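# Breakdown of the fold
Chain by chain, the residues:
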Amino acid sequence: MASASYHISNLLEKMTSSDKDFRFMATNDLMTELQKDSIKLDDDSERKVVRMILKLLEDKNGEVQNLAVKCLGPLVSKVKEYQVETIVDTLCTNMLSDKEQLRDISSIGLKTVIGELPPASSGSALAASVCKKITGRLTSAIAKQEDVSVQLEALDIMADMLCRQGGLLVNFHPSILSCLLPQLTSPRLAVRKRTIMALGHLVMSCGNLVFIDLIEHLLTELGRNDNMSTTRTYIQCTAAISRQAGHRIGEYLEKIIPLVVKFCNVDDDELREYCIQAFESFVRRCPKEVYQHVPTIISICLRYLTYDPNYNFDDEDEDDNAMDAEQNDEDYQGSDDEYSDDDDMSWKVRRAAAKCLDAVVSTRHEMLPEFYRSVSPALVCRFKEREENVKADVFHAYLSLLKQTRPAQSWLADPDAMEQGDTPLTMLQSQVPMIVKALHKQLKEKSVKTRQCCFNMLTELVNVLPGALTQHIPVLIPGIIFSLNDKSSSSNLKIDALACLHVIMVTHPAHAFHAHVPALVPPVVACVGDPFYKITSEALLVTQQLVKVIRPLDNQSEGSDSFDPSPYINDLFTCTIRRLKAADIDQEVKERAISCMGQIICNLGDRLPTELPGTLLIFLERLKNEITRLTTVKALTMIAGSPLKIDLRPVLPDAVPILASFLRKNQRALKLCTLAALDILLRNYSSAVTPVMVDAVLAELPPLISESDMHVSQMALSFLSTLAVTHPSSLGQLSGGNILQQLIALVRSPLLQGGALAAMLDFYQALVATDTPGLGYMDLLRMLTGPAYCSIAKCVAALTRACPTEGPAVVGQFIQDVKNSRSTDSIRLLALLSLGEVGHHVDLSSQPELKTVILDAFSSSSEEVKSAASYALGSIAVGNLPEYLPFVLQEISSSKRQYLLLHSLKEIISSASVSGLKPYVESVWSLLLKHCECQEEGTRNVVAECLGKLTLIDPETLLPRLKGYHAVSSSYARSSVVRQNCIGDFLKTLEDPDLNVRRVALVTFNSAAHNKPSLIRELLDSVLPQLYNETKVRKELIREVEMGPFKHTVDDGLDLRKAAFECMYTLLDSCLDRLDIFTFLNHVEDGLKDHYDIKMLTFLMLARLSSLCPSAVLQRLDRLVEPLRATCTTKVHAYSLQNSVKQEFEKQDELKRSAMRAVVALLTIPEAEKSPLMSEFQSQISSNQELAAIFDSIQRDSSSANMESMDNQLKDDIFP
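For the chain, an unreviewed UniProt entry supplies the name Cullin-associated and neddylation-dissociated 1 and the organism Sphaeramia orbicularis. In its Subcellular location (unreviewed entry) section, UniProt records this for the chain: "Nucleus".

Next comes the structure, spelled out in structure tokens:
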């Protein structure tokens, strides 16, 4: 420390030198020292350093002054509080100096100090005292109005301080406001502008009384309208307040908007621009309050979008007029007295209107149909706008409209939803000709920016409506080619043109382009040869698609046979091979050249007999290169799968061993692609694949067959299945080998399911068909033992189906295993499941004792055996319905084991063919209705599932009967029927007096919202009030139960509320555009104070809403923070510590963590932390060690992936 002080005292001595270079170097060295974390200054050194730095601020040399200012940043964090106050005092005094240079440097110094202070949320005492000291000096400097430059600097610093530390100055806010308001009428516009900025930052953190004073002042002044210049300023100020704190100004919009609408009609372009900008900020920041004014705002914007009083568009001869106008601009200069374009401010009004429409379109998704009726045609008409900046904003507004249309596709693509009449997509489809006509003229414009906008528009259009431009390709292609050939085109324009062409070619049928191939090939080939790698890369993508166009292999493209690709093959091949051979090119170009050449060989390989061998050798080289190997494997897979049967024999001896070596690489994508390539090579080139090649691959397979990666295992099993067909002799080495051990281990894994299980079954069937010694039917059957009974039973059934002659004996053995009283439960379990799986596909009616044996198993003491017997009976019945279904129905009627037998019936209804079941529908239906009224809920649930599945077999007959059953008096029967009811009748069941019926109705509604949202979208207006009604806590449903000496509170309405909140959560995903978010938030707010389960759900909803509707959440932030704070700060009372169990503590801890996750999500909303309540809560978190630790750990983990997984985890709970 002593040496540091000595070094610094040396530097201070040099700073007093008369040589400016000495002073500069010493200051620079001091800054380096101050930036070190290890530096510690004693009191004396601090005082000297501070005094010297402040002295250097007045140095004659500007460079030394600048360095001294930079030193202030690190110095503030190194010295004690009273020294910082000295710095601030001096800087404030210097700001009022007569010397302009000193004033400027001091104001920069103050900004530097403010920037280095810890944030308001940290609760730092230093920041508070410094800001209070600065504020008093600044307000007096602003109020004096003596020197405009001082005033401007003071306003600038005030705005900066309010932005960063506004929460610390709450006591000063009234005085700040009173000094700022008079500046809005300053004669200097620059002063007004900076005052508006400062007020904007003030409203983010000021209290309610200050905010009311400000708004009342603005409303009074606007109502008075003394002077047009000040009116403009007040409108600007209102817009700025809305932008910075829209959630607070919402309640005053009813008074503000009529005034702004009135000023729109005043003949003053600048005022109109500010008015429309104010509308834009209201639309973006106050979505709920502005809702009823949106039609007015749209009509004003549409009126001023075409506001061009100094220009006359003649629609009939528009192009000539445009050319004449250009000629006039160039050849004729009007006299000073005449009108000049420089005086024309109307373009600013049009730009503001376009931006405001953009805001309306982006925020009001529910009005899409209306936008397509009124806004869309108006925007398309303005594509001809003469001012380039305005035109760009018009295009951007239309792009926003297209992007808003895009999310709706998920439900609009649903065939049921498409029947709902005029949807946004159908309306857009009808306007495509008008859009294309407008764009056609713009594609030949000189302006690069305009053409880029056109390409972006077309790209977005075909992404929203694939195939929409099929009839318009002839009109658009010349425009795209114009940009590709234009020598003056920028690189970005060519890239956009190529990207647009690629998307259009991908989303439209090949025959639509055949007439244009001669015009397209030369410019695309030229772009492949372009020196700029990004253009080459895009051009290779287009070339690849062009190959598919000139010779489609699917044989479905209309007119593909009549098109001759021969004239273009050489050009496309030559330009691609040049890029494929080049070694010194960008990685992206290398990969796309490989993919493009793969496509050329796949589609045109039979037309390239001489070039093919050489090209395949290049592929072999690329396969050996670590950087290009993955892309090459994909290209080889494409070539091997070509219907042209390309001759790959010359490269297979070298390629297959290389591919085999890839299977041991630690790159999952490479393994998957390699397995796919090997599989297709085996299928199509089995004669060329030698046993030696196969052995090389088999040696690498054992590590790939594992439960740790089911997808890789599935691909490996598919390869083995193909091998069993093409090279059965190679499977001999499996017996006793590693591969077989891995296969058996995988069969025994409880994780085996889905595609991997299907691949395993296919492999077993293929393997047993090869008659390989040691791998026959009985050999494989003996190996199939282990705990994963379901998977093993499916494998047994697959083997039995493949060997029908040996099956009956094994079935007989299984029956004996079930009968044998000495058999363990696991043996019975496997035997029953195997019988079920075999009986599903093979008729077992020849086994006379099968029915008795299975019914006896229903009496087993093991629940698993009972369940397996139930499944087995249902599955066996599917194999022979006439024999087994009447037997099951009879047993259900006479037996007491209805629950298990109904499960058997459910299996029959689920798995049997519709034609097979139809003769039995009536008898099954009447039987099920008898059991609707069973008091056991589990039985009723199974009956409900059976009724639903049965109704789907003959909906015309059965659905009306199901509806009629609603009127029955028994609530049990109604709750069974609700589970599979016509959606429209929910309105009745949600009002049912029985709690259980309403809960089941909500569960069904939730399922519909999740799986088939188009069914319930139109019903939401009537269903939502009932749904929200179920989220309320009902005191009449809460009762006390005495448990010995204790009283326990039971809430019978909890399950119903939980079901309602689960529905709300689902609606966020599927029907967000149909919800009134503010009403929705009211109920979320109630849920934050409810029971543990509901709190957990609402915390998650809050996190979702923070990303989906940030502006709405911001408006309610103060009300949402309070319950979160209450949850986070709840402590377990000391008296209950002994009585509380560990689970209760864990629940409380998890509740805090979930609440904190919601807080972290809320803080991702811009400006959330500027809310006084949120800022105070943050300070509380940082001062509490436990909460701070939770907060920090969640912040570290709060990447989007983690939020998504948390989201999915809860979805799994809701939809198991």
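## Overview of the environment of Ile297
Positionally, Ile297 belongs in helix 15 (residues 294-305). A relative accessible area of 1% means that Ile297 is categorised as buried. As a C-alpha pair, Ile297 and Glu280 span 17 residues in sequence and 8.9 Å in three-dimensional space. Ile297 has contacts with Phe279, Val283, Val290, Cys356 and Val360, leaving out every residue within four places of it along the chain.

## Concerning the nonpolar core
Among the nonpolar cores identified, the biggest contains 347 residues, and Tyr398 and Leu701 are the most heavily contacted of them. Discounting residues that sit within four places of it in the chain, Leu701 has contacts with Leu663, Leu675, Ala716, Phe719, Leu720 and Ile739. Ranked by size, the runner-up nonpolar core spans 64 residues in total, among them Cys1063, Leu1068, Leu1114 and Cys1128.

## Some words on the packing of helix 25 (residues 517-528) against helix 26 (residues 533-550)
Packing of helix 25 against helix 26 leaves a shortest axis separation of 8 Å and a crossing angle of 150 degrees. Taken as axis vectors, helix 25 and helix 26 run roughly antiparallel relative to one another. Judged by the sense of rotation from one axis to the other, the crossing of helix 25 with helix 26 is left-handed. Residues Val517, Leu520, Val521, Val524, Cys527 and Val528 of helix 25 form the contact with helix 26, whose own contacting residues are Ile535, Thr536, Ala539, Leu540, Val542, Thr543, Leu546, Val549 and Ile550. Each residue belonging to the contact of helix 25 with helix 26 can be placed in one class, and the counts come to 13 nonpolar, two polar and no charged.

## Details of the side chain of Asp308
Position of Asp308 among the secondary structure elements: in the loop between helix 15 and helix 16 (318-331). For Asp308, a relative accessible area of 8% gives the class buried.

## Observations concerning the side chain of Thr722
Counting through the fold element by element, Thr722 comes out in helix 34 (residues 710-726). We classify Thr722 as buried; its relative accessible area is 6%. Here Asp679 takes part through its side chain, which lies 2.4 Å from a polar atom of the side chain of Thr722. Not counting residues within four places of it along the chain, the set of residues in contact with Thr722 comprises Asp679, Leu682 and Arg683.

## Quick notes on the packing of aromatic side chains
Applying the stated criterion to the full structure yields seven aromatic pairs. Consider the rings of Phe532 and Tyr533, whose centres lie 5.5 Å apart with planes at 70 degrees: the pair is edge-to-face. Residue classification places Tyr533 among the partly exposed residues on the basis of a relative accessible area of 32%. Seen in terms of ring centroids, Phe763 and Tyr764 are 6.1 Å apart; in terms of plane orientation they differ by 55 degrees. Their pairing is tilted. Considered together, Phe763 and Tyr764 belong to a single accessibility category, that of buried residues. Grouping aromatic residues by their ring pairs yields a cluster made of Phe383, Phe395 and Tyr398. Taking NZ or CZ as reference, Arg272 lies 5.0 Å from the ring centre of Tyr307, over its face.

## A few points about the pattern of salt bridges
In total, this model carries 35 salt bridges according to the counting rule given. With a closest N to O distance of 2.6 Å, Arg551 and Asp606 form a salt bridge. Here the residue Arg551 occupies a position in the loop between helix 26 and helix 27 (566-581), and Asp606 occupies one in the loop between helix 28 (587-604) and helix 29 (612-624), the gap between them amounting to 55 residues. A relative accessible area of 18% places Arg551 in the buried class. Asp606 sits in the partly exposed class, given a relative accessible area of 41%. Between Asp1149 and Arg1153 there is a salt bridge, and its shortest N-O distance comes to 3.9 Å. Taken together, the positions of Asp1149 and Arg1153, both in helix 59 (residues 1142-1163) and four residues apart, correspond to about one turn of that helix. According to the relative accessible area criterion, Asp1149 is partly exposed, its value standing at 33%. Residue Arg1153 is classed as partly exposed on the basis of its relative accessible area of 27%. Linked through salt bridges whose partners overlap, the residues forming this network are Asp308, Arg350, Arg382, Glu385 and Arg386.

Analysis parameters
Once a new chain begins, its residue numbering starts again from 1 and follows that chain's sequence as written. pLDDT decides what is reported in this predicted model: residues at 70 or higher carry local features, side-chain atom pairs at 80 or more are listed and counted, and totals for whole chains, interfaces and linings draw on all residues regardless. The basis for the side-chain values is all heavy atoms of the structure; hydrogens and waters are excluded. UniProt positions are given in the numbering used here, feature names are shortened, and annotations may be inferred rather than shown by experiment. The secondary structure listing takes helices from DSSP runs of H or I that are at least 4 residues long and strands from runs of E that are at least 2 residues long, numbered from the N terminus. Three exposure classes are used, based on accessible area relative to the maximum for each residue type with a 1.4 Å probe and protein chains only: buried under 20%, partly exposed in between, and exposed over 50%. For this analysis, residues touch if any pair of their heavy atoms sits within 4.5 Å. In these notes, a set of buried Ala, Val, Leu, Ile, Met, Phe, Trp, Tyr and Cys residues joined through side-chain atoms within 4.5 Å is what counts as a nonpolar core. Fitting a line to C-alpha atoms yields each axis, with helices limited to the stretch in contact; the angle taken between N-to-C directions then spans 0 to 180 degrees. In what follows, roughly perpendicular refers to angles from 65 to 115 degrees, roughly parallel to angles under 35, roughly antiparallel to angles over 145, and oblique to any angle outside these ranges. Each crossing gets its hand from how the near helix is turned against the far one by less than a right angle, where anticlockwise is left-handed and clockwise is right-handed. The residue classification treats Ala, Val, Leu, Ile, Met, Phe, Trp, Tyr, Cys and Pro as nonpolar and Asp, Glu, Lys and Arg as charged. All others, Gly included, are polar. Any pair of N or O atoms that falls within 3.5 Å is considered a polar contact. Within protein, one atom must be able to donate a hydrogen and the other to accept it, and sequence-neighbouring residues count only if both atoms are side-chain atoms. Between the rings of Phe, Tyr and Trp (Trp by its six-membered ring), a pair exists once the centres lie within 6.5 Å; its type follows the angle of the planes, with under 30 degrees stacked, over 60 edge-to-face, and the other angles tilted. For a Lys NZ or an Arg CZ to count as sitting over a ring, it must be within 6 Å of the ring centre and within 35 degrees of the ring normal. Think of a salt bridge as a Lys or Arg side-chain nitrogen and an Asp or Glu carboxyl oxygen that are within 4 Å of each other.

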